[in-house]
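Understanding the architecture of this molecule
As a plain string of letters, each chain reads:
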Amino acid sequence: MTIKMKTAKPLAAVLLAAGLSGCGGDVKTNSDFTAVDPTVPVSDWKLVWSDEFDGASIDQRKWTFEVDCRGGGNQEKQCYTDSAENAFVSNGTLKIVAKPAEDGAPLPYTSARLNSRYQGDWKYGRIEVRAKMPTGQGSWPAIWMMPTDEVYGGWPKSGEIDIVEAVNLKTTNAEGVVESRVYGTLHYGRDFPGNVNSGKDYALPNGANPADNFNTYAIEWQEGEIRWYVNDYLYQTQQASRVRVNSRGELIGLSHRGWFAEYFNTATGKLAVQYNAAPFDQRFYLIMNLAVGGNWPENVNNLGIDAEAFANGQTLEVDWVRVYQCQANVNTGKGCETIRDGYLDANTLVPGLAPIPSPPSTGVAQNLTIFDGTPNPNWPAWDCCGGSTPALVADAERGDVYEFLVGPAPTVNGFVSRSAFITPPGVASPFDASPLIENGSISFDMFVVSLPNNAGAPWLFKVESSEGSTAVELPLTASTEGVAPVVGQWQTFTFPLSMLDAAGLDLTAIDVVMVFPAWDNGNGAVYRLDNVKIAQPASFPELVIFSNGANTDWPMWDCCGGSTPIEVLDEDTNTLAAEFTVGAEPTVLGFNNRAPLGGGNAFDASALLADGVVQFAVKVVAAPANPDSTWLFKIEAAGGDSAVELPLSAGNGGQVPVTGQWATYTFSVQSLFDAGLDISAIDVLMIFPAWGTGEGAVFRVNDVKIFNPNAAANQLVLFRDAVKAGWELWDCCAGSEPKVVDADAPYGKVAQFEILGWPETVLGFLADEGEAFDATSLLANGSVSFDMRVVSAPTNSNSSWLFKIESSGAATAVELALSAGNNGVAPVTGEWQRYSFSLQSLFDAGLDISDISVLMVFPAWGTGQGAVYQIDNVEISNN
């Protein structure tokens, strides 16, 4: 029972409306699985406080009367008194009686509310109450707990534990249903209206009613977990939320969505969500009361209050209250669990309503097309509540578009990327729009076929993130265009992300975009949507100076040595590279844009200042004859008015060039700007041995560009004709050596794996130390994909093929049937088949995608002998 501050609903209905679903599985502990019998000594639970109500009066050393007419904060219709008419002890039980008040009283009923604050306060334990419930429409008995010290703030921030509540017991509704449920609930969260609750109802076996006889209601409360019991049957479990972190220690999600707390982070001085045992990790005290009416009982069953039911009073009768603490560990309450198989299954474990944390922004600016004529399986069109199915229809102007309609049932329509609404092959793909905040927007084109019957109904745009943890709703007229919908005309509506961010939307995990007439005003509306996207204009310039061939505006150049740089076919990369040679004359070499040699159109990198880089690859073919020579990088601008010269090794973590090996060098535009370069007019780029020390040097340069690496998604090509540098073909345990073989056109060279000896092994691709791949930026739309052909099947005909992917040190791993990557189709010997596993599905299954280091394909352990198979085109990308 609580100060709810708004109309309450039956808890089952609240949970249904929230779309909750269970999770978890059977978990066993080394505990006593027998029911607690307080009459028999037990080794772990120790009785620390009780009231058997055997005396002649209420023990005021244990209980305090609350006296007020506030209505419990729930619009209840009773005054609480300390009168013996409302609470007394007789015949070994406590009676709390609700009865009509005298004429002229502030409220029509009187009752009692007792609490044990400062006389019975506990952190963790087993709290048992044996009670018989009252009946009648409007009755609301409750045995519950509140925090003694309110460490985390006022209600509900410091929590509330409802051991047992019931409303309107034994009432019979028009359908003949007799009310017989009891409820166990937790209240927690943010200040009103951000308060939430989670819990479950329970009905006694064989149609028994809690008002007919005494029943024992209990909770077992330990650090991070609370369990509810009726007559020693465990019917509900709730737990603290558990977080997922990536290899960088960043919060990326919840492995269990449970309760949460919000309180000030002393380090930042700001409110922060805490995913731990709080707020249920402090002292709580007991409350017992019987309310009459209020928001909850008056709005369910037969509605209102049945005065006849209270004419002679209604009684909450309590036989005893007993509190035990676990002696195995008093500080945590753990070690005395009374549990059963399945107590963490979908029927018993109740998920909480902790806000789902948004994964940290990747910082990678990517655009998202939700719909542009072709459905995005990760963002299906959606009717929330009206029962319609949005349809693809042919529009005379646009081709295929989505058409939505609103019938008599109130609803909202749009596009959703939440797992509950997606069917394969789609996967939930909340979108990180935060890197687009400055220039990006959510936009769509809309065509109203017919207005709602209520022609004046306002049209709304709504966007949500992280399962509704944040949301913004605006009229369509708040768009950049500022127009209202017009029947029979395509119109564009644009909402800047900066505006949505300012309105409170978390941009890092957008998962719903909706367009609709105002709730319950849309009946009769038919409208179409097209070109739905979250995007920013492509505004990052890019300069490619040399990539598998020269840019004529930036020719290869020898300043002073008289040589002529040439293009050569490099045997390692099978691409054209620029080759430079240093003779006896001191010189510098590179690429020159200045007229008349070059195009004379200096490159303006100003737009790349924040994230841009100058990047190129170098291979030293022959080192300078002078062993003390050092390699340098120099870049100039505006005809030489500004220049920056650095050791080449500064662009590769301090690593100097190694003769015969390609290496990539990267210099941030910001660092060059900070060193004094005019980045608005870059016109010369040079790589060379230090002046006068380079004689004999021959070196090659390729992939020379100035660009924003975050303007396009990162990707990893593990194998295409050859295994990627920093990775290797790998046999875990059988000692074979996977090899590269020629599979003819169109595949060419492929990786071949064989299990010809001892069969217990797994095979695939393994990253070298420090080479793990961070796929975070690809989460929304990326996948792990590859082509595979079984050359020879395992001799064991019952063998099955598996796919497994791991992060470094196998800290996280996901193993799936290989067929799951090909719509359930198993490998067919002799045929190439394509397999694809979405990163979102792997992430949801627990993989740390920021640290991918092993990718494996293999027959099930111990069944693969005789298998020979080939793999090609292995990549992690937005493909």
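Each value, and the rule that gives it
- Residues numbered from 1 in each chain as written.
- Predicted model: local features only at pLDDT ≥ 70, side-chain atom pairs only at ≥ 80, totals over all residues.
- Heavy atoms only, no water.
- Helix = DSSP H or I, 4+ residues; strand = E, 2+ residues; numbered from the N terminus.
- Buried < 20%, exposed > 50% of the residue type's maximum accessible area, 1.4 Å probe, protein only.
- Contact = heavy atoms within 4.5 Å.
- Areas by Shrake-Rupley, 256 points an atom, 1.4 Å probe, with all protein chains shown as cover.
- Lys, Arg positive; Asp, Glu negative; His and termini not counted.
- Charge placed at Lys NZ, Arg CZ, Asp CG, Glu CD.
- Core = buried A, V, L, I, M, F, W, Y, C linked by side-chain atoms within 4.5 Å.
- Pairing = 2+ DSSP bridges.
- Axes fitted to C-alpha atoms, helices over the stretch in contact; angles between N-to-C directions.
- Disulfide = S-S within 2.5 Å.
- Phe/Tyr/Trp six-rings, centres within 6.5 Å; stacked < 30°, edge-to-face > 60°.
- Lys NZ or Arg CZ within 6 Å of the ring centre and 35° of its normal.
- Polar contact = N/O pair within 3.5 Å; in protein donor to acceptor, adjacent residues only side chain to side chain.
- Salt bridge = Lys/Arg side-chain N within 4 Å of Asp/Glu carboxyl O.
- pLDDT = per-residue confidence, 0-100.

Our focus in this paragraph is the overall build of the chain. Secondary structure summary: the chain contains 5 helices and 55 strands in total. In terms of overall dimensions, the chain has a C-alpha envelope of 115 × 70 × 55 Å along the principal axes. With 879 residues in all, the chain has 52% of them scored as buried. Long-range contacts, defined as pairs at least 24 residues apart, comprise 76% of the intrachain contacts of the chain with a sequence gap of at least 6. Split by element, the accessible area of the chain, about 36,100 Å² in all, is 49% carbon and sulfur. A gap of 9 Å separates the mean positions of the 49 positive and 101 negative side-chain charges of the chain.

Attention shifts here to the nonpolar core. Ranked by internal contacts, the top residues of the largest apolar core, which has 58 residues, are M145, I161 and W221. The element that contributes the greatest number of residues to this core is strand β21 (residues 284–292), accounting for 5 residues. Ignoring anything within four residues of it in the chain, the contact list for M145 reads W122, I127, E160, I161, I163, I219, W221, F284, Y285 and L286. Grouped together as the second largest cluster of nonpolar side chains are 46 residues, L718, A751, L763 and F837 included.

Turning next to the sheet that holds strand β41 (residues 642–647). Here we have 5 strands laid out as an open sheet, ordered β35-β38-β43-β40-β41, and antiparallel in their pairing. Edge positions in the open sheet fall to β35 (556–558) and β41, since each of these has one partner strand only. Strand-to-strand, the axes of this sheet are offset by a mean angle of 20 degrees, without reference to chain direction. Pairing geometry for strand β38 (residues 589–592) and strand β43 (residues 682–689), over 3 bridges, is antiparallel. Paired with G590 across the bridge in β43 is M686.

What follows deals with the state of the cysteines. Under the counting rule described, the total for this entry stands at 5 disulfides. The side chain of C326 participates in a disulfide bridge whose partner is C336; the two sulfur atoms lie 2.0 Å from each other. Across the disulfide from C326 to C336, rotation about the S-S bond amounts to roughly 80 degrees, and the bridge is consequently right-handed. In this pair, C326 sits in strand β22 (residues 314–326) while C336 sits in the loop between β22 and β23 (368–371), placing the two residues 10 residues apart along the sequence. Classification of C326 by relative accessible area gives buried; the value is 2%. Bridging C732 to C733, the disulfide has an S-S length of 1.9 Å.

Next up on the list: the packing of aromatic side chains. All chains considered together, the criterion is met by 45 aromatic pairs. Consider the rings of W140 and W296, whose centres lie 5.7 Å apart with planes at 80 degrees: the pair is edge-to-face. Taken as a pair, W140 in strand β10 (residues 139–147) and W296 in the loop between β21 and α2 (307–310) lie far apart in primary sequence, 156 residues in all. The class for W140 is buried, based on a relative accessible area of 0%. A relative accessible area of 3% means that W296 is categorised as buried. Through successive ring pairs, a cluster of aromatic residues spans Y124, Y188, W221, W259, F260, F280 and F284. In this structure, R126 is placed above the aromatic ring of Y229, and the distance from its NZ or CZ to the ring centre is 5.0 Å.

Relative to the elements of secondary structure, D59 occurs in the loop between β1 (45–51) and β2 (64–65). Relative accessible area serves as the criterion here: at 17%, D59 is assigned to the buried category. There is a polar contact of 2.9 Å between the side chain of D59 and the backbone nitrogen of R61.

One pass over the full model with this rule turns up 42 salt bridges. Among the salt bridges present, the one from D445 reaches R398, with a minimum N-O distance of 2.9 Å. Note that D445 is positioned in strand β28 (residues 441–450) and R398 in the loop between β25 (391–395) and β26 (399–405), a separation of 47 residues in sequence. One network of salt bridges, with partners in common, ties together R126, E128, E220, E225, R227 and D232.

Pairing of strand β36 (residues 566–569) with strand β37 (residues 576–581), which is carried by 4 bridges, proceeds in the antiparallel orientation. When the bridges of β37 are listed, V568 appears paired with A577. The turn linking β36 back onto β37 is made up of 6 residues, and N574 within it adopts a positive phi angle of 55 degrees. In the sheet, β37 pairs with strand β44 (residues 698–707) via 4 bridges, with the strands oriented antiparallel. Residue pairing across strands places E579 opposite R700, the latter belonging to β44.

Another point: the side chain of Q78. Mapped onto the elements, Q78 comes out in strand β3 (residues 78–80). Residue Q78 is classed as buried on the basis of its relative accessible area, which comes to 0%. A polar contact of 3.4 Å, which involves the side chain of Q78, links it to the side chain of Y80. A distance of 2.8 Å separates the side chain of Q78 from the backbone nitrogen of V292, its partner in a polar contact.

Reading across from one edge, β24-β27-β32-β29-β30 is the order of the 5 strands in this open sheet, with antiparallel pairing throughout. Of all the strands in the sheet, just β24 (381–383) and β30 (470–475) have a single pairing partner and so form its edges. The average angle at which neighbouring strand axes cross in this sheet is 20 degrees, direction not considered. The pairing of strand β27 (residues 413–416) with strand β32 (residues 510–517) spans 3 bridges and is antiparallel. Along β32, the bridge assignment pairs V416 with V512.

With that settled, the discussion passes to the environment of S547. Topologically, S547 is positioned in the loop between β34 (543–546) and β35. Sequence separation of S547 and A617 is 70 residues, and the distance between their C-alpha atoms is 9.9 Å. Polar side-chain contacts of S547 include one of 3.2 Å to the side chain of D703.

Moving on, we come to the confidence of the model for the chain. When pLDDT is averaged across the chain, the result is 90; 94% of the residues are at 70 or more. Contacts from residues 1–36, a stretch scored under 50 in pLDDT, to residues over four places away or in other chains number 100 contacts.

For the rest of this paragraph, the subject is unusual backbone geometry. Note: most residues except glycine have negative phi, and most peptide bonds are trans. Residue A278 is joined to P279 through a cis peptide bond whose omega torsion reads 5 degrees. Here P279 lies in the loop between β20 (270–274) and β21. Cis rather than trans, the peptide bond between A595 and P596 has omega equal to 5 degrees. For P596, the position within the fold is in the loop between β38 and β39 (613–622). Although it is not a glycine, D721 sits at a positive phi angle of roughly 80 degrees. With respect to the secondary-structure elements, D721 resides in the loop between β45 (716–719) and β46 (727–731). For A810, which is not a glycine, the phi torsion comes out positive at approximately 55 degrees. Take A810: its relative accessible area is 43%, and that puts it in the partly exposed class.

It is worth spelling out the pairing of strand β52 (residues 813–817) at this point. Consecutive side chains along a regular strand alternate between the two faces of the sheet. As paired strands, strand β51 (residues 801–807) and β52 are joined by 5 bridges and run antiparallel to one another. Bridge pairing in β52 links E806 to A813. The turn joining β51 and β52, which pair antiparallel and follow one another in sequence, is formed by 5 residues; a positive phi near 65 degrees is taken by G809.

Attention shifts here to the environment of S797. Relative to the helices and strands, S797 resides in the loop between β50 (783–792) and β51. By relative accessible area, S797 is classed as exposed at 68%. A sequence separation of 66 residues divides S797 from T863, and the C-alpha atoms of the two residues are 8.7 Å apart.

Mapped onto the elements of the fold, I226 is located in strand β15 (residues 225–230). Each C-alpha atom, one on I226 and one on G333, is 10 Å from the other, the two residues being 107 residues apart in sequence. Not counting the four nearest positions on each side in its chain, I226 is found in contact with I161, L186, I219, E220, W221, Q236, T237, Q238, W259 and F280.

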